[in-house]
Amino acid sequence: MTDREARADTELVRDLRDGSVEAHRRLFMRYREPIYRLAFRLTSSRHAAEDVVQDVFATLPESLDGYSEQGSFGAWLRKVASRVALDGLRRRRRRAEEPLSDHEPPGSDARADGNLELARIEDALGELSEPLRRVFVLKVVEGYGHREIAGMLDIEVGTSQVRLHRARKQLREALGGP
Amino acid sequence: MNDHPETPTLSRYLDDELSSERRQAVEAHLSGCHDCRKELELLAEIDRSAAGLPVPDPPLGADESWRRIAGRRGGGRERSSTMDDASGRRWLTPAAAAVLLLAVIGGAAALPGSPFRAWMAARVADVAPEPVSTGEVAAPELPGEAGRRSGVGVAPRAGEVSVHLPETAAGTRLHVRVGESTMATVWGGDVRVTTAPGEVRVTGFSGDELTVEFPSDLALGQVTLGDRIVVEKQGPIFEFRVPRVDSTGSGYRVRLSEENR
């Protein structure tokens with residue numbers, strides 16, 4: 001993010017704190033896509049990811065109370081989205097017997113493209129435990145550093161590192177090979 | 001290093017998390033171990049492939065997604081950027097927003113043929129208009145003021161002006177309009193006013209029509225009757241919370257009543 005974009009965020013956040021609907025809408029348009037992408041990676045469901053987007057932005061004016069503006073707004077928002085997504089997953093787990101009719105089969109897009117290797121990787125990702133999957137997704141797919149991930153998930157940096165290595169190990173084993 | 005490094009060690013090598021000494025040992029091993037180089041490459045390939053996994057499109061388009069969010073907020077309305085003044089629009093309480101939404105629909109229905117109606121129709125086509133008597137309307141084009149006026153003007157404070165009518169009798173017609181003056185002006189029959197920056201307080205009014213003219217570029221103008229806001233101008237938009245009598249070509253008239261207090 002450029003300094004200009006960061007300044008724009010700061011101004012929009014300030015205006016939203018003052019109640020501006022337009023500032024709210026602009027922040028939504030700016031961050032909807034990355035938040036959806038992150039949410040889909042964590043939930044594997046288009047509708048669950050859209051729900052995350054809706055929840056994050058519908059409550060944004062209130063949740064801004066927890067944003068001290070000491071760091072990047074985008075990073076903070078992703079942390080919020082990550083928590084919303086994970087809360088949703090926990091609720092789903094409590095209703096484990098309830099089928100997710102809108103759940104995207106792992107690798108569905110990759111299979112539709114005829115790319116079985118991607119489908120295998122997505123299957124293997126789906127087999128990871130949630131803690132490992134979260135860290136892997138945030139580090140490898142979304143490109144966050146361990147310090148950011150630790151902040152987003154409220155874990156130690158070392159814990160994030162260990163989970164990533166375990167995730168890679170499991171993926172390696174699941175994908176077989178020599 | 002004689003032993004093959006474990007996967008976590010290679011993972012740390014990929015992430016440059018090893019100590020300098022440990023890293024050198026791993027690199028020395030990799031230089032002579034084809035299998036471990038392949039293993040390292042496989043780990044890197046898993047990372048690259050995972051990062052490249054496609055994400056399907058969201059089930060909702062951006063506009064529909066925002067519309068639902070706005071609905072949950074209680075605003076429930078979309079506006080074009082030209083009509084949505086970032087400095088003037090505010091999220092409303094759910095109750096106020098519901099009233100305002102009805103007012104929007106009613107105002108649109110009350111102005112056949114107006115551009116505002118068409119604008120609204122495109123945005124609330126899935127909501128059946130109700131015959132409510134309040135409305136939100138765009139300010140019309142106003143002719144220049146030819147006649148002489150007497151009254152009081154007050155400069156906005158922080159772009160806002162409030163006109164208070166604490167004692168105005170029921171049945172009084174209130175004429176609200178915009179003008180090109182930088183002052184907000186109040187005039188009518190016999191009227192006594194007190195002013196403060198951004199505020200006009202009207203007492204002792206004895207006529208049958210009181211006119212309030214707001215500057216066209218005013219961010220926020222309000223007319224209050226008792227504790228209630230009866231008319232509000234936010235940017236180019238008027239919101240009426242009392243029945244409008246007519247639109248005159250030079251503004252709008254409402255009739256004040258005890259119920260409005």
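Computed from a prediction, not measured in an experiment: that's the story for all the values here. (Residues numbered from 1 in each chain as written. Chains lettered and ligands numbered in written order. Predicted model: local features only at pLDDT ≥ 70, side-chain atom pairs only at ≥ 80, totals over all residues. Heavy atoms only, no water.)

(A) Broad picture of the overall build of chain A. Helices and strands together make up the secondary structure of chain A, namely ten helices and zero strands. Counting helices and strands in the order they occur from the N terminus, chain A gives α-α-α-α-α-α-α-α-α-α. Residues classed as buried in chain A amount to 50% of the 178 residues present. Put simply, chain A shows about 8,600 Å² of open surface, and 46% of that area lies on carbon and sulfur atoms. (Helix = DSSP H or I, 4+ residues; strand = E, 2+ residues; numbered from the N terminus. Buried < 20%, exposed > 50% of the residue type's maximum accessible area, 1.4 Å probe, protein only. Areas by Shrake-Rupley, 256 points an atom, 1.4 Å probe, with all protein chains shown as cover.)

(B) The overall build of chain B, seen in detail. A count of helices and strands for chain B gives six helices and 13 strands. Counting only residues that meet the buried cut, chain B has 43% of its 261 residues in that class. Put simply, 67% of the contacts in chain B that link residues at least 6 apart link residues at least 24 apart. Only carbon and sulfur atoms are counted for the fraction: they give 49% of the accessible area of chain B, which is about 12,800 Å². (Contact = heavy atoms within 4.5 Å.)

(C) Main features of the environment of E62 of chain A. Among the structural elements, E62 of chain A can be located in helix α4 (residues 60-63). Along the sequence, E62 of chain A and L16 of chain A sit 46 residues apart, while their C-alpha atoms lie 9.9 Å from each other.

(D) Seen up close, the pattern of salt bridges. Applying the stated criterion across every chain yields a total of 24 salt bridges over all chains. Between R26 of chain A and E22 of chain A there is a salt bridge; the shortest N-O distance is 2.9 Å. Placement of the pair is R26 of chain A and E22 of chain A together in helix α2 (residues 21-43), with a separation of four residues, close to one helical turn. What makes R26 of chain A partly exposed here is its relative accessible area of 42%. Salt bridges linked by common partners bring K139 and R168 of chain A together with D15 and D47 of chain B together as one network. (Salt bridge = Lys/Arg side-chain N within 4 Å of Asp/Glu carboxyl O.)

(E) Seen up close, the interface of chain A and chain B. Across the contact, 48 residues belong to chain A and 38 residues belong to chain B. Of the roughly 4,100 Å² buried at the junction of chain A and chain B (both faces included), carbon and sulfur atoms supply 62%. Connecting chain A to chain B are six salt bridges. When the shortest N-O distance is used, the salt bridge between D55 of chain A and R72 of chain B registers 3.0 Å. Of all elements in the fold, only α2, α3 (46-58), α4, α6 (108-112), α7 (116-127), α8 (130-141) and α10 (157-175) of chain A reach the threshold of two or more residues within the side of chain A that touches chain B. Partitioning the side of chain A that touches chain B into residue classes produces 22 nonpolar, ten polar and 16 charged. (Buried area = accessible area lost by both parts, 1.4 Å probe. Nonpolar A, V, L, I, M, F, W, Y, C, P; charged D, E, K, R; others polar.)

(F) Highlighting unusual backbone geometry. Despite not being glycine, D16 of chain B has its phi angle at roughly 55°, a positive value. By secondary structure assignment, the location of D16 of chain B is in the loop between α1 (7-14) and α2 (20-32).

(G) Local environment of the side chain of Q54 of chain A. Of note, Q54 of chain A is situated in helix α3. In this structure the side chain of Q54 of chain A is engaged in a polar contact, spanning 2.9 Å, whose partner is the side chain of S65 of chain B. (Polar contact = N/O pair within 3.5 Å; in protein donor to acceptor, adjacent residues only side chain to side chain.)

(H) View of the packing of aromatic side chains. All names here are of chain A. Inspection of every chain in the model, using the stated rule, returns seven aromatic pairs over all chains. When the ring of F28 is compared with that of F57, the centres are 5.2 Å apart and the planes differ by 85°; the resulting orientation is edge-to-face. Of this pair, F28 sits in helix α2 while F57 sits in helix α3, placing them 29 residues apart in sequence. With respect to class, F28 is no different from F57; both count as buried. With a centroid separation of 5.6 Å and an interplanar angle of 65°, the aromatic rings of Y67 and F73 are classed as edge-to-face. (Phe/Tyr/Trp six-rings, centres within 6.5 Å; stacked < 30°, edge-to-face > 60°.)

(I) Representation of the state of the cysteines within the structure. Residue and element names in this part refer to chain B. Here the structure, examined in full by the defined rule, presents zero disulfides over all chains. Take C36: it sits in no disulfide, and the sulfur closest to it among the cysteines is that of C33, at 3.5 Å. Residue C36 is classed as buried on the basis of its relative accessible area of 6%. (Disulfide = S-S within 2.5 Å.)

(J) Up close: the confidence of the model for chain B. Predicted confidence across chain B gives a mean pLDDT of 70, with 68% of residues reaching 70 or more. Confidence over residues 139-150 of chain B falls short of pLDDT 50; this stretch has 23 contacts with residues more than four positions distant or in other chains. (pLDDT = per-residue confidence, 0-100.)

(K) How the structure looks around the nonpolar core. F57, L60, F73, L77 and F136 of chain A are the most contacted members of the largest nonpolar core, which totals 60 residues. Counting residues per element, this core draws most heavily on α2 of chain A, which supplies eleven residues. One finds V154, V163, F214 and V231 of chain B within the second-largest nonpolar core, a separate group that totals 27 residues. (Core = buried A, V, L, I, M, F, W, Y, C linked by side-chain atoms within 4.5 Å.)

(L) Highlighting the packing of α8 of chain A against helix α3 (residues 34-51) of chain B. Where α8 of chain A contacts α3 of chain B, the axes come no closer than 9 Å and their chain directions differ by 90°. Here α3 of chain B runs roughly perpendicular to α8 of chain A, going by the angle between their axes. Across from F136, V140 and V141 of chain A in α8 of chain A, the residues of α3 of chain B making contact are I46, D47, A50 and A51 of chain B. Tallied by class, residues from the contact of α8 of chain A with α3 of chain B come to six nonpolar, no polar and one charged. (Axes fitted to C-alpha atoms, helices over the stretch in contact; angles between N-to-C directions. Parallel < 35°, antiparallel > 145°, perpendicular 65-115°, else oblique.)

(M) View of α3 of chain A. Along its 13 residues, α3 of chain A runs 18 Å from first to last C-alpha, staying within 8% of the 18 Å computed at 1.5 Å per residue. Those residues of α3 of chain A lying buried are A48, A49, E50, V52, V53, Q54, V56, F57 and A58 of chain A. (Expected span 1.5 Å × (residues − 1).)

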